[in-house]
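# Residue-level structure breakdown
The residues making up each chain are set out below.
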2 protein chains.
Amino acid sequence: MLLLEQEAKELLEGYGIRTAKGVVCGSEEEAVRAARAMGFPVVMKVHGILHKSDVGGVVLNVKSEEEVRSAFRRLSAIEGSRGVNVQPQVSGVELIIGAAENEQFGSFVMFGLGGVFVEVLKDVSFRLLPLDRREALEMIREIRGYRILEGYRGFRADIDAVAELIVKVGEIVERESVVEMDLNPVFANERGCFVADARIVKGKRRSFEYEARDIGFFFNPRSVAVVGASRTPGKPGNNIIWNLKTHGFKGKIYPVNPNAEEIHDLKCYPSLKDIPDSVDVAIIAVPAKIVPEVMRDCAEKGVKGVVILSSGFSEEGEEGAKIEKEVVRIAKEAGILILGPNTTGGLNTETGFITSFAPLMGVNKGNISLIAQTGLFLGVLMVSIFSNHPHVGFSKIIGMGNKIDVQDHEALDFLLRDDKTSVVGIYMEGIRNGRAFYNVAKSAKKPIVIFKSGRTEYGQKAAMSHTASICGNDDIFDAVCRQANLVRVYSFDELLDVAKAFAFQPLPKGNRIGIIHYTGSGCVQSADTAFFSGLKLANFKKDTVERIKSVSPEWHGVNNPVDIWPMVEYFGVEKTYNTAMEAILRDENVDSMVVAMDVGPFWGDYSPNFEKLRSFGKPVYFVLEGHRDLVFEQKNKFEENRFPVYSNAINAIQVLGKVTRYALKYADTRR
Amino acid sequence: MLLLEQEAKELLEGYGIRTAKGVVCGSEEEAVRAARAMGFPVVMKVHGILHKSDVGGVVLNVKSEEEVRSAFRRLSAIEGSRGVNVQPQVSGVELIIGAAENEQFGSFVMFGLGGVFVEVLKDVSFRLLPLDRREALEMIREIRGYRILEGYRGFRADIDAVAELIVKVGEIVERESVVEMDLNPVFANERGCFVADARIVKGKRRSFEYEARDIGFFFNPRSVAVVGASRTPGKPGNNIIWNLKTHGFKGKIYPVNPNAEEIHDLKCYPSLKDIPDSVDVAIIAVPAKIVPEVMRDCAEKGVKGVVILSSGFSEEGEEGAKIEKEVVRIAKEAGILILGPNTTGGLNTETGFITSFAPLMGVNKGNISLIAQTGLFLGVLMVSIFSNHPHVGFSKIIGMGNKIDVQDHEALDFLLRDDKTSVVGIYMEGIRNGRAFYNVAKSAKKPIVIFKSGRTEYGQKAAMSHTASICGNDDIFDAVCRQANLVRVYSFDELLDVAKAFAFQPLPKGNRIGIIHYTGSGCVQSADTAFFSGLKLANFKKDTVERIKSVSPEWHGVNNPVDIWPMVEYFGVEKTYNTAMEAILRDENVDSMVVAMDVGPFWGDYSPNFEKLRSFGKPVYFVLEGHRDLVFEQKNKFEENRFPVYSNAINAIQVLGKVTRYALKYADTRR
């Protein structure tokens, strides 16, 4: 229900918001009287037409009776005019504050400068509701044109008042059941904010009911059935059993295949119902069209959860969608949880439970857990990750597939409660209950690193055919990341780079970085990157500089970044690096450190004193460069000691920038 | 010399530029007369004060005699007022067009929307002079607010007229010896452009005289002396000789060291003067303070060029700067060219000539040449590149060091003329004669890929201490890259990724890409990246889709990107990939292709038919994912066949985006 402008303004005034309320006038005389009562100048607008500016329906700065008359005649002649609105003219910076609903995330507010800034430059920021003053201030500071509010050519906005107005808009949306609101323009000056024009639509707000069911049993079942087990080595149905045995799963394994006696020395059963034991989890790897039948067996058998690996459901068209619907129906009725379909499923490195149909080796245990919406994750991608980072360890990996039942927020909720997990990494394309995800994510006390694709129309189209889920609008998603303090990354490589930093090293307490590099060009690139990553080059204290100078030739200047090569040439790798690194970490002006080393011929068998470095309680990231094989060998040694290694200083510092932003915001919101 | 506003406007009108010339009035009566003559509304401005808006010195929309009088009284009361300027009021989109000089690059023009757009949002574009209409149009389209010019809320600018005005500004700067010009505001509407206010400063324009001396002899000397040769293995002065012998340099090598008889079986000479032969190039690796003495010997000996590896010159302070000055003086007098100092110098893979003091192995010959302003380039960094990319080959590598003599443009000029070089990669921090570099670069008929650091104040400070050269303003540099069609990259990794694409594959003829990926998530990420990289997902022709469908299960949809995994499961890697790749390359709606493959267990010993792929004459880039070792092995096989391989689809498509932009612009400017 669209409120009339006057109604809308009255509603706003009821919340203590000042509006430039006008008078709708039907005649020249009425308009002149109204203008006189308000005092000149006034603004006159055609009444009864949206997008008034487009039809020349707004006259600003009307300064005299004569001008009122002429404006009235002009405006009332516009087709569709239902009178002329006379309002006092307020001045200041023109803002737009709006609210609307997003399909996945529900109500949000938008903030921006008015006119071309929002319409052409898209210089706006978003936040989900509810939001507090701190979040409102953040969204104000986020726009590129923020400096205009701080004071530009005589204007200056009362930023606290703008924040207050944004918070009130949020309140009104929630209390008055508003589904759309546009305060446009709002004038902000030193004395506060005035809403010049308001459009409010009340209605039934989208509701986001959800539960976060416990999916923990998926990762530690007592007994598991593999439906579609195969005798043929290399076939997916064979690999599943091979994986479970290879990873040392200690629970019962029941292969199901009507045509086999034994698979990998395990007795085979013709159907689920023939298994002489209860079954916690069934891994289903049969063609889509047979899955409903298997589900019925699962219901009968009292299976708690199924992992459906098969594809051919809604991602492949109508026929598949029908099957999917039936599968979900059976599951709901029987209280069975479904992970997938169209996935490699899950892995728990502690229990060796694994559902993947792709042979997986070289798993490393650790404290990173992953949620991924991609079919082959527990295949090619994890093989790539394990083999490239042998000392980066994982706890749980959850392949979500099409998410026809278990949702992202449930997987996340499980990992946030899991005490073996200290960092969560997420790959996501679409999301089904964004609001639930946001609520769970916002409460997190662990870092969450997220790579979201399907950002563009192109990508969304590709995602539709792939996972049959709806992609969120990327601007809203970006706001969600800021608001819930999710660390957003843009590739799997970056996801891993950031996750391992969180997993290995303490959080920084500030943004002042100390840098050591073995080349001058590395120093320059590092300094550039620090700036672009929101980090400050620490001002070393005098005694820090002295300490570093003790391992430097006299003619060589000591700055931050420390250009260490000439020092190494004189004092050797070990003495120089140890002295410089410890001096920097000891400095109370330093919150974090990035150290680059060349592992070439000058290196010898140098290894930093990791215990010593750790004792300062500040994050230290390394960069190792040189021959591929030597670098890999050294990197593994460093990462075994839980010091993350990057292939160049730009990467390392970008990661530190993201970690620092997370850490400072986390500390700030907990204060 | 600052022109008066009226003078400035007359100058502009002389070039056919319309200006809103006003009349400076000393009295109310005069102002009223002037306004009547022009027709209302008029604009009134205080005369004799800069930044008029800041003091309330501009009154717009003055509509009556009465208003003229009141405005006159207000304006003439402003302190410093020397009368009131009355001008006809023109309307339209407010623009700013300016010109100024940059220390490194000389005269440039700036374009942007007026007011906050330029002052707060910095939404401006730059181009060096001279510029043509095409370049002016490019700079107009480059700003974020471009849509405002195309038509917004009733306004629309005549974009051709704006371009013409920009070109004229360029002409005026050059013909009239202008060092600064601000046309602000310029009003653009459908009927053209009107300059409302103009500020012009004439003066002596910066001159950029330069020559591009031939430095080719550095890379193919008949005889070379190594001053500072050492008997001790592992010492820099020993490595140089070791490198020359290991790389098979066929010219004469004369080690110079007063305390040695022989080094690496070569007779040693106490000084340069004792060498019984002429010396083309001397490699100098003695402490900075001894270098002037060596230079004097070089002068006496008639050496043509020296490569000074030593550091300790102006990058390390005053003392070093003095030595540097002396070295340059001697060289100029004797006509000796200097490469360096503070560098590893040069490498020519064809002749085996190398000057590096860091032992270098595993060099790959090829058609990429590099110019790098970093000391250790021909050490650690090239070792890293050679070992990670064994089939990416290089021709010349030129370490520039402090550039006290030979400059970037001379190195570039040499490589552009070198027929063994087909792609040039550049790493640069500061630049000494930017204008010379720009001129040489703009004439290039080969792709130039450039990584420029020292972009921020932080980075520039670090660069000062490192290379003692001045860094250009990053915005201007970015304009230089666009204008000269340099491919700008942001890391060494990206430099190599782009360079190898140029080196291996043909240029695309359009921006329509076909993509194959083995995961759905890869398809989504690829589609996103294509969009962000300015590429279009090709619309496959009907028979292309049919061909691909012939290797697809019926239930699987064929789109672009092609999600190939379900197809591979049914038809095997070889048949599926070959059919899909050839179908796509055959399609006349496709200009380029990126193909991702998993090199895991399903792969077998599949290898694409490289000859067949090459026969279509379209660029094809590959992505290989999976186990580290397998990927490396396969990647080498592909790159040996000159098909570049990337570690993920995002990288590959970003590279293709940059290559495509280069190719289309190159074709366009040659048309």
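Structural notes, computed from the coordinates.

Definitions and limits used
- Residues numbered from 1 in each chain as written.
- Chains lettered and ligands numbered in written order.
- Predicted model: local features only at pLDDT ≥ 70, side-chain atom pairs only at ≥ 80, totals over all residues.
- Heavy atoms only, no water.
- Buried < 20%, exposed > 50% of the residue type's maximum accessible area, 1.4 Å probe, protein only.
- Helix = DSSP H or I, 4+ residues; strand = E, 2+ residues; numbered from the N terminus.
- Pairing = 2+ DSSP bridges.
- Right-handed = clockwise from strand over helix to strand, strands pointing away.
- Phe/Tyr/Trp six-rings, centres within 6.5 Å; stacked < 30°, edge-to-face > 60°.
- Lys NZ or Arg CZ within 6 Å of the ring centre and 35° of its normal.
- Contact = heavy atoms within 4.5 Å.
- Buried area = accessible area lost by both parts, 1.4 Å probe.
- Salt bridge = Lys/Arg side-chain N within 4 Å of Asp/Glu carboxyl O.
- Polar contact = N/O pair within 3.5 Å; in protein donor to acceptor, adjacent residues only side chain to side chain.
- Least-squares fit on C-alpha atoms with pLDDT ≥ 70 in both.
- Axes fitted to C-alpha atoms, helices over the stretch in contact; angles between N-to-C directions.
- Parallel < 35°, antiparallel > 145°, perpendicular 65-115°, else oblique.
- Nonpolar A, V, L, I, M, F, W, Y, C, P; charged D, E, K, R; others polar.

## Thoughts on the pairing of strand S15 (residues 281–284) of chain A
Residue and element names in this part refer to chain A.
- Across the two faces of S15 the burial is the same, with Val281 and Ile283 and Ala282 and Ile284 all buried.
- With 4 bridges joining them, strand S11 (residues 223–227) and S15 adopt parallel strand pairing. Paired with Val224 across the bridge in S15 is Val281.
- Two elements, S15 and strand S16 (residues 305–308), share 4 bridges in a ladder whose sense is parallel. For Ile284, the partnering residue across the bridge sits in S16 and is Ile308.
- You can see the chain leave S15, run along helix H9 (residues 291–301) and come back into S16, and the turn it takes is right-handed.

## Section: the packing of aromatic side chains
- One pass over the structure, following the stated rule, counts 40 aromatic pairs over all chains.
- Pairwise contacts between aromatic rings join Phe610, Phe622, Phe638 and Phe643 of chain A into one cluster.
- Lying over the aromatic face of Tyr269 of chain B, Lys267 of chain B brings its terminal NZ or CZ to 4.9 Å of the ring centre.
- Between Lys500 of chain B and the ring centre of Tyr646 of chain B, over which it is positioned, the NZ or CZ distance is 4.9 Å.

## Observations regarding the interface of chain B and chain A
- Taken together, the contact pairs 78 residues of chain B with 78 residues of chain A.
- Both sides together, the interface formed by chain B and chain A hides about 6,600 Å², and carbon and sulfur atoms give 60% of it.
- Viewed at the interface, chain A and chain B are joined by 2 salt bridges.
- Between Glu67 of chain A and Lys63 of chain B there is a salt bridge, with its nearest N and O atoms 3.6 Å apart.
- For the pair chain B and chain A, the number of links is 10 residue pairs in polar contact (both at pLDDT 80 or more).

## Points about the relation of the copies chain B and chain A
- After a rotation of 180° and a shift along the axis of 0.1 Å, chain B superposes on chain A with an RMSD of 0.1 Å. Look at the turn and shift together and you get a two-fold axis relating the two. Closest approach to the rotation axis within chain B is made by the C-alpha atom of Phe117 of chain B, at a distance of 4.6 Å.

## Here we look at the side chain of Gln483 of chain A
All names here are of chain A.
- Along the chain, the position of Gln483 falls in helix H15 (residues 474–483).
- A relative accessible area of 4% places Gln483 in the buried class.
- At 3.2 Å, the side chain of Gln483 forms a polar contact with the side chain of Tyr438.

## Considerations on the sheet that holds strand S15 (residues 281–284) of chain B
Residue and element names in this part refer to chain B.
- If you trace the 5 strands from one edge of the open sheet to the other, you get S12-S11-S15-S16-S17, paired in parallel fashion. Where the open sheet ends on each side, the last strands, each with one partner, are strand S12 (252–256) and strand S17 (337–339). Adjacent strand axes in the sheet meet at a mean angle of 20°, parallel and antiparallel pairs treated alike.
- Contacts from helix H9 (residues 291–301) reach strand S11 (223–227), S15, strand S16 (305–308) and S17 within the one sheet, and its direction differs from that of S15 by about 170°.

## Things to note about the packing of H9 of chain A against helix H10 (residues 318–334) of chain A
Residue and element names in this part refer to chain A.
- Relative to each other, H9 and H10 sit at 5°, their axes nearing to 9 Å. Classed by the angle they form, the pair H9 and H10 counts as roughly parallel. Across the interface between the two elements, Val291, Pro292, Met295, Arg296 and Ala299 of H9 pack against Ile323, Glu326, Val327, Ile330, Ala331 and Ala334 of H10.
- Among the residues forming the contact of H9 with H10, the class breakdown is 9 nonpolar, no polar and 2 charged.

## Details of the sheet that holds strand S24 (residues 487–489) of chain B
Residue and element names in this part refer to chain B.
- With mixed pairing, the 7 strands of this open sheet are ordered in space as S19-S18-S21-S20-S22-S23-S24. What marks the edges here is a single partner per strand, and that holds for strand S19 (353–354) and S24.
- For strand S18 (residues 346–348) and S19, the ladder comprises 2 bridges, and the chain directions are antiparallel. Bridge pairing in S19 places Asn348 opposite Phe353.

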